[in-house]
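# Descriptive structure summary
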Amino acid sequence: MSSIAIEGARRSFASVLAVRDITLKIEDGEFFTLLGPSGCGKTTLLRLIAGFAELEAGRISFGDTRIDRLPPHRRNIGMVFQNYAIFPNLTVAGNVAYGLKARHVARADVSRRVEEALALVRLIGLGERWPHQLSGGQLQRVAIARALVIRPEVLLLDEPLSNLDARLRVDMRGEIRHLQQRLGITTVYVTHDQEEALAVSQRIAVMEAGRIEQLGSPEDVYRQPASLFVARFMGTTNVLAGIVAARDGERMHVRIATTTISLPALHDARDGDRLHLCVRPEALRIVRNGEGTKDGEIALTATMANCEFIGPLIRLDLALSDGSPLKLAMLDRPLPPAAAGDRITVAFPLDRLSIFPQAAT
Amino acid sequence: MRPLYLAPLARLPVAIGAIAFLFLGVFLVYPLWCVLSASVLTADGSAFTLQNYARVLSRTYYRASIFNSLTIGAVASLTTTLIALPLAFGIARLEIRGKLVLIGLAALPLILPSFVGAYALLLLFGRSGLVTQTLNAWGIPIGSIYGTPGIVLVYTMTLYPYVLLPTVAGLKAVDRSVEEAAESLGSTPARTFRTVTLPLVAPSVLSGALLVLIETLENFGVPAVLAEDKTILAVEAYKLFIGETATNPGAAAVLGSLLIALTALILLIQRRYVAGRSFATGARSIPPPIRLTAPWHTLATLYCWGVVLLALVPFFAILTLSFLEFRGPVLHRAFSLGNYAELWSTARGPLANTLILASLAAGLAALIGVPVGWVLARTRSSLTSVLDVLSTLPFAIAGTVLAIGLVIAFNSGGLVLTGGWLIIIIAYTVRKLPFTVRASSAIVHQIDPSLEEASVSLGVSPLVTFLRLTVPLMLGGIVSGLVLTWVTLASELSSTVVLYSGPWRTLTVVMFQAVEGTGAGVAVAAASVLIGIALIPVVIAYRLLRANELSML
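Residues numbered from 1 in each chain as written. Chains lettered and ligands numbered in written order. Predicted model: local features only at pLDDT ≥ 70, side-chain atom pairs only at ≥ 80, totals over all residues.

## Regarding the overall build of chain B
- Looking only at helices and strands, chain B has 22 helices and two strands in total.
- Relative to a compact globule of 553 residues, whose C-alpha radius of gyration would be 24 Å, chain B shows 25 Å and is just as compact.
- Dimensions of chain B along its principal axes, counting C-alpha atoms only, are 75 × 70 × 45 Å.
- Here chain B holds 553 residues, and 51% of them are scored as buried.
- Counted over contacts in chain B with a minimum sequence separation of 6, partners at least 24 positions apart contribute 80%. (Helix = DSSP H or I, 4+ residues; strand = E, 2+ residues; numbered from the N terminus. Rg over C-alpha atoms; globule rule 2.2 N^0.38 Å. Buried ≥ 20, exposed ≤ 12 C-beta atoms within 10 Å, placed from the backbone. Contact = placed C-beta atoms within 7 Å.)

Structural data, given as structure tokens:
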């Protein structure tokens with residue numbers, strides 16, 4: 001096991017820069033996730049670590065050892081592929097033993113370690129089965145056992161759950177996380193599913209266009225997005241348009257629709273600047289009649305447009321006075337007594353608001 | 001400047017590519033270059049001249065050979081298409097009884113030697129042919145099959161699968177919902193076929209027809225047997241080069257160069273403008289078989305089985321005739337094994353040669369073709385596209401021309417190969433490389449690349465991964481490819497006839513010489529053995545073979 005140090009990694013395909021000078025340190029034993037939409041460079045970065053793509057510039061080290069000039073078969077990695085990549089011409093045990101045989105492990109040890117690895121992924125007794133006899137979830141476990149049995153320095157997972165159905169996906173991600181914690185193996189996990197990333201990772205790098213947009217704990221990237229892109233990509237968010245009406249030292253007055261609110265000033269904010277203000281639907285609450293707002297809360301008035309009841313959640317579509325939409329979500333609450341067209345007041349804590357200057361386009 | 005650095009994963013493809021370029025450079029490009037330069041050099045090779053072209057093209061005789069080759073090719077492309085199109089529709093869309101057997105039989109002409117078919121036609125309908133004489137005895141006149149009619153007929157019977165197989169595949173790839181959409185908009189089934197289905201398969205049909213055209217241009221055996229005084233490019237080049245009276249390499253090179261230019265141009269058109277333009281609609285719902293009323297259905301069944309069986313009649317005829325007694329060229333209606341006895345006593349050596357040369361060359365073609373197919377399927381660069389073109393090129397080079405090039409190239413100098421067995425193996429390997437490469441790259445395309453990456457990630461080097469994982473996964477395809485190259489090489493005539501020397505005669509040469517001379521009995525027996533050599537392995541390995549693969553043979 002070892003840490004992974006990536007310094008100034010760059011890779012392009014044709015004229016597209018897939019990975020733009022990324023520097024990153026993944027700690028020993030860490031569960032680290034590369035998250036982003038398709039084409040953001042996350043898989044390329046993983047393949048650079050694995051050695052299936054070549055660096056154009058920069059270096060990659062496992063611990064103190066530089067590995068980016070080593071061919072992939074000498075990097076001692078365990079890799080799990082999106083489509084499992086189980087060898088169809090070998091049994092389950094044959095698949096798991098494949099890497100051990102490449103390392104010339106003694107025959108007796110091979111069968112013992114294969115058994116242990118299959119036990120680890122709860123596939124005891126299936127060693128003699130052929131891949132075509134297994135379900136998708138079982139194949140994924142074989143793939144994990146095959147990657148772990150060689151005791152790799154790092155475990156690389158490339159969208160390992162995207163071919164499974166929704167329920168199995170949730171079970172498997174818990175299992176992968178549990179296994180990783182037990183073994184303490186440095187793990188790099190690639191996914192485009194933000195919920196999956198939040199659920200399993202210790203740290204997440206949100207990527208876009210070959211760059212890391214934000215690096216942080218799941219809670220950080222969800223609650224304190226560093227950019228509008230991250231705010232939008234990490235689940236549903238309201239993006240409200242605001243204009244700085246007046247700057248007043250450390251405070252600024254921002255007009256949203258017809259309401260003006262007072263916020264801590266962005267350091268370079270000036271009068272007339274346009275802002276994006278992001279707030280998550282679940283941060284909003286309905287202020288019932290006679291209730292006031294609490295300290296540090298911001299209130300907005302809006303019109304009910306639509307109310308959607310989906311079991312645990314109630315989702316409201318609201319409209320601000322200028323017509324811009326506002327989403328609100330409530331967990332396990334009674335239906336609001338308002339009908340479409342009614343005016344209601346909503347409030348949210350100031351610390352749940354993320355403010356980004358609108359790019360001058 | 002950065003030192004030259006080869007990425008670890010690029011090393012194996014680069015090594016394979018280097019070997020392939022070396023092989024094709026020395027044994028394909030260089031010989032072709034020799035043909036081209038011989039055509040534009042003076043006899044002593046000292047100066048550039050267009051004299052050869054002027055001399056050849058000024059003679060009506062040779063101008064006619066170009067015209068004849070192209071006319072026969074064009075007519076044969078048309079007739080094969082006309083025959084194969086309804087057949088393809090029947091196989092793809094109608095419920096024809098015994099369809100699987102029908103498809104198998106329809107693919108057979110691709111592996112059976114076409115000049116055997118031509119010879120059968122000669123024996124049946126030739127001047128002293130069996131049918132001709134019978135009909136004459138009854139006072140029914142029969143037209144001559146020598147020249148264009150006979151050659152076109154043989155091409156039609158032996159080359160129609162080139163149009164049939166891609167068209168069937170094309171028809172099966174048409175998504176039924178596209179036709180349903182047309183019908184829902186008020187189109188009649190007939191109009192739908194004409195305006196939707198047919199345009200969708202047109203590229204497949206056209207591509208097949210162009211392959212037929214190439215095959216006819218480069219074919220040597222059929223016109224050699226049937227042309228008589230009709231001049232044909234591939235045959236004239238051979239005659240000028242081997243020349244009974246005076247050899248004329250310069251003039252042979254002119255005809256060879258013209259032939260290369262024609263076939264390469266057609267292959268280019270086929271690859272660039274037709275083959276890539278398939279409108280595969282990715283059939284999600286395979287069209288259900290169309291039900292016809294009883295009389296139409298009978299008619300369709302009769303047509304499909306009729307065409308397929310008729311095309312095989314010449315080969316049945318040869319097999320039957322081989323058991324009759326020949327005295328010189330004259331046939332007697334009595335059962336006899338005499339032909340085989342005579343063949344056995346005179347041609348044991350050539351039979352062994354055929355088996356040895358075909359086996360070695362098929363092995364060599366697989367040894368080079370399989371790795372090259374893997375490289376073409378797995379890597380993309382400007383060099384691999386050059387390799388792709390180069391490894392497809394032999395398909396468009398007439399065997400006689402390639403052989404002439406090899407003789408010019410390796411007759412003297414550092415590497416002398418003429419007169420030996422190695423030059424025949426090299427010619428065979430080069431000729432079959434397009435098929436081996438295409439077949440194996442098609443298999444590799446079906447193997448998920450992440451399997452190989454998984455193996456490498458587990459610590460197995462790319463080379464060992466290729467040998468231990470990829471090759472076993474390709475094995476079925478490799479074996480079927482080997483069988484097909486082997487059987488087609490066993491009946492290779494066009495380059496053998498230029499390259500063979502005394503001890504290295506093959507069975508095809510024996511048959512060719514017997515046809516030219518008066519040994520009809522030996523010719524028929526040799527032809528039958530060639531049919532057997534082609535059929536037996538294919539029947540044994542039938543389960544491994546996929547009919548679609550055949551069209552690159």
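Here the narrative resumes, following the displayed structure.
## Observations concerning the overall build of chain A
- A count of helices and strands for chain A gives eight helices and 20 strands.
- Its C-alpha atoms give chain A principal-axis dimensions of roughly 75 × 45 × 35 Å.
- Looking at chain A as a whole, 38% of its 361 residues qualify as buried.
- The contacts in chain A between residues at least 6 apart in sequence include a share of 64% that link residues at least 24 apart.

## Describing the packing of helix α3 (residues 60-93) of chain B against helix α7 (residues 148-172) of chain B
Residues and elements named next belong to chain B.
- At their nearest, the axes of α3 and α7 sit 6 Å apart, and the two run at 40 degrees to each other. With respect to their mutual orientation, α3 and α7 come out oblique. Judged by the twist between their axes, the crossing of α3 over α7 is right-handed.
- Each residue belonging to the contact of α3 with α7 can be placed in one class, and the counts come to 21 nonpolar, six polar and two charged. (Axes fitted to C-alpha atoms, helices over the stretch in contact; angles between N-to-C directions. Parallel < 35°, antiparallel > 145°, perpendicular 65-115°, else oblique. Left-handed = near helix turned anticlockwise from the far one by under 90°. Nonpolar A, V, L, I, M, F, W, Y, C, P; charged D, E, K, R; others polar.)

## Observations concerning the interface of chain A and chain B
- Counting residues at the interface gives 20 residues for chain A, matched by 18 residues for chain B.
- Within the residue set of the side of chain A that touches chain B, elements represented by two or more residues are β6 (77-80) and α2 (92-102) of chain A.
- With three residues, α2 of chain A is the largest single contributor of residues to the side of chain A that touches chain B.
- For the side of chain A that touches chain B, the per-class residue count stands at 12 nonpolar, five polar and three charged.

## Some details on the sheet that holds strand β14 (residues 274-279) of chain A
All names here are of chain A.
- Strand order in this open sheet of five strands is β13-β12-β11-β14-β20, and the pairing throughout is antiparallel. Both edges of this open sheet fall to β13 (259-264) and β20 (354-357), since each of them pairs with a single strand only. Neighbour to neighbour, the strand axes of the sheet diverge by 40 degrees on average, direction disregarded. (Pairing = 2+ DSSP bridges.)

## Considerations on the domain arrangement of chain B
Residue and element names in this part refer to chain B.
- Per the domain assignment, the segments of chain B are domain 1 (11-38 + 344-553) and domain 2 (50-319).
- Computed over C-alpha atoms only, the centres of domain 1 and domain 2 are separated by 23 Å.
- With 36 residues of domain 1 in contact, the opposing surface of domain 2 contributes 41 residues.
- Broken down by secondary-structure element, the contributors of at least two residues to the side of domain 1 that touches domain 2 are α1 (11-39), α16 (399-409), α19 (462-490), α20 (496-499) and α22 (520-540).
- Here the element with the most residues in the side of domain 1 that touches domain 2 is α22; it accounts for eight residues.
- Its residues placed into classes, the side of domain 1 that touches domain 2 shows 28 nonpolar, eight polar and no charged. (Domains from an automatic or database assignment.)

## With respect to unusual backbone geometry
Residues and elements named next belong to chain A.
- Of note in this structure, A14 is not a glycine but carries a positive phi near 55 degrees.
- Residue classification places A14 among the exposed residues on the basis of 5 C-beta atoms within 10 Å.
- Backbone geometry at D21 places phi at a positive 45 degrees, although glycine is not the residue there.
- Mapped onto the elements, D21 comes out in strand β2 (residues 16-26).
- Judged by local crowding, D21 falls into the partly exposed class, with 15 C-beta atoms found within 10 Å.

## Quick word on the sheet that holds strand β19 (residues 343-349) of chain A
Residues and elements named next belong to chain A.
- With antiparallel pairing, the five strands of this open sheet are ordered in space as β15-β19-β16-β17-β18. Strands with a single pairing partner mark the edges of an open sheet, and in this sheet they are β15 (285-287) and β18 (325-331). The mean angle between the axes of side-by-side strands here comes to 50 degrees, regardless of whether they run parallel or antiparallel.
- Pairing of β15 with β19, which is carried by three bridges, proceeds in the antiparallel orientation. In the strand pairing of β19, I286 is matched with V346.

## Considerations on the pairing of β13 of chain A
Residue and element names in this part refer to chain A.
- One ladder, built from six bridges, connects strand β12 (residues 251-256) with β13; its direction is antiparallel. Bridged to H253 within β13 is S262.
- Hairpin connection between β12 and β13: a loop of two residues separates the two successive antiparallel strands, and A257 in this loop has a positive phi of roughly 50 degrees.

## Observations concerning the nonpolar core
- Ranked by internal contacts, the top residues of the largest apolar core, which has 275 residues, are Y119, A237, L255, L259, A526 and L530 of chain B.
- Residues within four places of A526 of chain B in sequence aside, it is in contact with L343, A347, L507, V510, M511 and A514 of chain B. (Core = buried A, V, L, I, M, F, W, Y, C linked by C-beta atoms within 7 Å.)

## Here's the deal with the confidence of the model for chain A
- Averaged over every residue, the pLDDT of chain A is 91; residues scoring 70 or more account for 99%.
- Confidence, expressed as mean pLDDT per element, reaches its minimum in chain A at β13 of chain A with 87 and its maximum at strand β3 (residues 31-35) of chain A with 97. (pLDDT = per-residue confidence, 0-100.)

## Let's talk about the packing of helix α14 (residues 338-378) of chain B against helix α15 (residues 382-392) of chain B
Residue and element names in this part refer to chain B.
- Where α14 contacts α15, the two axes come as close as 10 Å, and the packing angle between them is 135 degrees. Taken together, the axes of α14 and α15 are oblique relative to one another. Where α14 crosses over α15, the handedness of that crossing is left-handed. Each of V372, V375 and L376 in α14 lies in contact with α15, whose residues at this interface are T384, L387, D388 and S391.
- In the contact of α14 with α15, the residues fall into four nonpolar, two polar and one charged.

## Concerning the confidence of the model for chain B
- Per-chain confidence: chain B averages 87 in pLDDT, with 93% of residues scoring 70 or above.
- Scored by ipTM, the complex comes to 0.84, with pTM at 0.85.

## A few points about the pairing of β19 of chain A
- Here strand β16 (residues 297-310) of chain A runs beside β19 of chain A; their pairing, made up of seven bridges, is antiparallel. Across the sheet, the residue bridging to T303 of chain A is R343 of chain A, located in β19 of chain A.

## Looking at the environment of F466 of chain B
Residues and elements named next belong to chain B.
- For F466, the position within the fold is in helix α19.
- Since 21 C-beta atoms lie within 10 Å of it, F466 is described here as buried.
- Residues F466 and L292, 174 residues apart in the sequence, show an inter-C-alpha distance of 51 Å.
- For F466, the contacting residues outside a window of four places in its chain are L12, W374 and V471.

## A word on the environment of I86 of chain A
Residue and element names in this part refer to chain A.
- Within the secondary structure, I86 is located in the loop between β6 and α2.
- A C-alpha to C-alpha distance of 8.6 Å links I86 and Q140, two positions 54 residues apart in sequence.
- Not counting residues up to four positions away in its chain, the partners in contact with I86 are N95, P131, L139, V142 and A143.

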